[in-house]
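Observations on the model geometry
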Amino acid sequence: MDFLTPVGWDEALELKASAPDALPITGGTDVMVELNLTARRPTALLDLTRIAAARQWSAEDGFVRLGAGVSYRRVIDEVGALLPGLAMAARTVGSPQIRNRGTVGGNLGAASPAGDSHPPLLATGAEVEAASVRGVRRIPIDDFFTGVKRNALAPDELITAVVVPISRGPQQFSKIGPRNAMVIAVCSFALALDPQREVIGTGIGSAAPTPIRAAKAEAFLTGELRERDLWHRRGPLPESVVEHFAGLVAAAAAPIDDVRGTAAYRRHALSVLARRTVNWAWDDYWTTGRAAA
Ligand SMILES: Cc1cc2nc3c(=O)[nH]c(=O)nc-3n(C[C@H](O)[C@H](O)[C@H](O)COP(=O)(O)OP(=O)(O)OC[C@H]3O[C@@H](n4cnc5c(N)ncnc54)[C@H](O)[C@@H]3O)c2cc1C
């Protein structure tokens, strides 16, 4: 097996173009498990860890551009104040060792329905920056996940970064598993309030073939908040609104029965997560007087 070691993106993209079967490796926390436990033997590994630019992040014009090689640990420590939902999700990933090596770029590359970074990226409307020798493009996160562990990257493309709107209001992430740490989600849910645009974003993990948004739940809550003028008037959410929102979130899922849980349990759990997170986020908004437009 060849081990390719580019030191910059240009070199990495040239290598990927000439050897599209080369398997990218960043933190290796998915790739090494696959190599060790399965018969997968790629012809080459494309090691992206020597690319300094991949480990950089920047904040500009209301967005964070998070290099594909930024670890979960650094998301939590360095970017948490700007992207609180993503940082909450990062705190639940694996163990300290996994958070030190694992990256959001690798999570997107793996495109597992259970990837913990995906729901907050969906809830905030992030974009995946994909590059090849042909150029750079931004893929809206809604179009990125194309099937179970499949994504919209072309064979010659690499993820160079993910571009995430800086938080404009409270965000939440919640995940269910059989214990508190080292757990792949039975299901997960992310919520982002945007008081400036007066919209709600959601993301559901581990309850459909791909991570998905609960579009009807978003539209319902966005409409209720506007009609009731709650963004400006401020005050608690009516219980009936919370219940209906939670029901729409559960209905958006398309879960299966598997070793981690039944479809029925996942739907029920999602409605609980939705109810809790919307109460936490909304209470944070109206009781702390965070800025509305
Ligand atoms: C013990 C353990 C616990 C875990 N717990 C969790 C958890 O709680 N939540 C969770 O979501 N995940 C968990 N994982 C899975 C894994 O840690 C995450 O998916 C992590 O985000 C992968 O990042 P990485 O940098 O290690 O990716 P890698 O293993 O390097 O790569 C993952 C995939 O992405 C591709 N890839 C990597 N970089 C790029 C790139 N720049 N462009 C295109 N493709 C790329 C690789 O080819 C591979 O297919 C766990 C794994 C282990 C071993």
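Residues numbered from 1 in each chain as written. Predicted model: local features only at pLDDT ≥ 70, side-chain atom pairs only at ≥ 80, totals over all residues. Heavy atoms only, no water.

**Topic: the side chain of serine 271**
Keep this limit in mind: Numbering of helices and strands runs from the N terminus, with a helix taken as a DSSP run of H or I at least four residues long and a strand as a DSSP run of E at least two residues long. Under this definition, polar contacts are N or O atom pairs within 3.5 Å; protein pairs additionally need one hydrogen-donor-capable and one acceptor-capable atom, and for neighbouring residues in sequence, both atoms have to be side-chain atoms. The contact definition used throughout considers only heavy atoms, calling two residues in contact when any of these lie within 4.5 Å.
Its location among the elements puts serine 271 in helix α12 (residues 263–288). Only 2.7 Å separates the side chain of serine 271 from the backbone oxygen of histidine 268, close enough to count as a polar contact. Among residues more than four places away in sequence, those in contact with serine 271 are Ala246 and Ala250.

**Concerning the pattern of salt bridges**
What counts here: In the sections that follow, a salt bridge refers to a side-chain nitrogen of Lys or Arg positioned within 4 Å of a carboxyl oxygen of Asp or Glu. A simple rule labels every residue: compare its accessible area, found with a 1.4 Å probe on the protein chains alone, to the largest value its type can have, and call it buried under 20%, exposed over 50%, or partly exposed in between.
Enumeration over the complete set of coordinates arrives at 16 salt bridges. Note that arginine 213 is salt-bridged to glutamate 218, the shortest N-O span being 2.5 Å. On the basis of relative accessibility, which here comes to 6%, the residue glutamate 218 falls in the buried class. Of the charged contacts, one joins glutamate 224 and arginine 228 as a salt bridge, the two residues approaching to 2.7 Å between their closest N and O atoms. Assessed through its relative accessible area of 16%, glutamate 224 is described here as buried. Relative accessible area serves as the criterion here: at 34%, arginine 228 is assigned to the partly exposed category. Residues joined by salt bridges that share partners form a network here, namely Asp142, Arg213 and Glu218.

**Things to note about the packing of aromatic side chains**
Using the following cut-off: Each Phe, Tyr or Trp ring, with Trp reduced to its six-membered ring, pairs with another whose centre is within 6.5 Å; inter-plane angles below 30 degrees give stacked pairs, above 60 give edge-to-face pairs, and intermediate values give tilted ones. Working rule: Lys NZ or Arg CZ, within 6 Å of ring centre, within 35 degrees of ring normal, means a charge sits over the ring.
One pass over the structure, following the stated rule, counts 5 aromatic pairs. On the basis of an interplanar angle of 65 degrees and a centroid distance of 6.4 Å, the ring pair of phenylalanine 189 and phenylalanine 245 is categorised as edge-to-face. Taken together, the residues span a long stretch of sequence, with phenylalanine 189 in strand β12 (residues 187–194) and phenylalanine 245 in helix α11 (residues 239–252) at a distance of 56 residues. You can call phenylalanine 245 buried: its relative accessible area is 0%. When the centroid spacing of 4.9 Å and the interplanar angle of 45 degrees are considered together, the rings of tryptophan 282 and tyrosine 285 count as tilted. Of this pair, tryptophan 282 and tyrosine 285 both sit in helix α12, 3 residues apart, which is roughly one turn of the helix. One aromatic cluster is present, built from ring pairs that chain together Trp231, Trp282 and Tyr285. Seen from the ring of tyrosine 285, arginine 234 lies directly overhead, with NZ or CZ sitting 4.4 Å from the centre.

**Examining the nonpolar core**
Our working rule: Nonpolar cores were defined as sets of buried Ala, Val, Leu, Ile, Met, Phe, Trp, Tyr and Cys residues, with membership established by side-chain atoms within 4.5 Å.
By size, the foremost hydrophobic cluster in this structure holds 34 residues, and its most contacted members are Phe189, Phe245 and Val249. At the level of elements, β12, β13 (199–205), α9 (215–227), α10 (230–233), α11 and α12 are the ones that each hand at least two residues to this core. With 8 residues, the top contributor of residues to this core is α12. Those residues within four positions of phenylalanine 189 in sequence are excluded, and the remaining contacts are Gln172, Phe173, Ser174, Thr202, Gly203, Ile204, Phe245, Val249, Leu270, Leu273, Ala274 and Thr277. The next biggest cluster of nonpolar side chains, apart from the first, holds 27 residues, and it includes Leu108, Ala111, Val128 and Val162.

**Some remarks on the domain arrangement of the chain**
We count it as follows: Note that the domain bounds reflect an automated or database-derived domain assignment. Buried surface area refers to the total accessible area, computed with a probe of radius 1.4 Å, that the two partners give up upon joining, counted for both partners together.
On domain assignment, one finds that the chain holds domain 1 (2–165) and domain 2 (171–292). At the interface, 25 residues of domain 1 touch 25 residues of domain 2. Both sides of the domain 1 and domain 2 interface together cover about 1800 Å² of buried area, and 66% of this is carbon and sulfur. Considering only the surface of domain 1 that becomes buried against domain 2, Pro113, Pro119 and Ala123 emerge as the three largest contributors, covering 27% of it.

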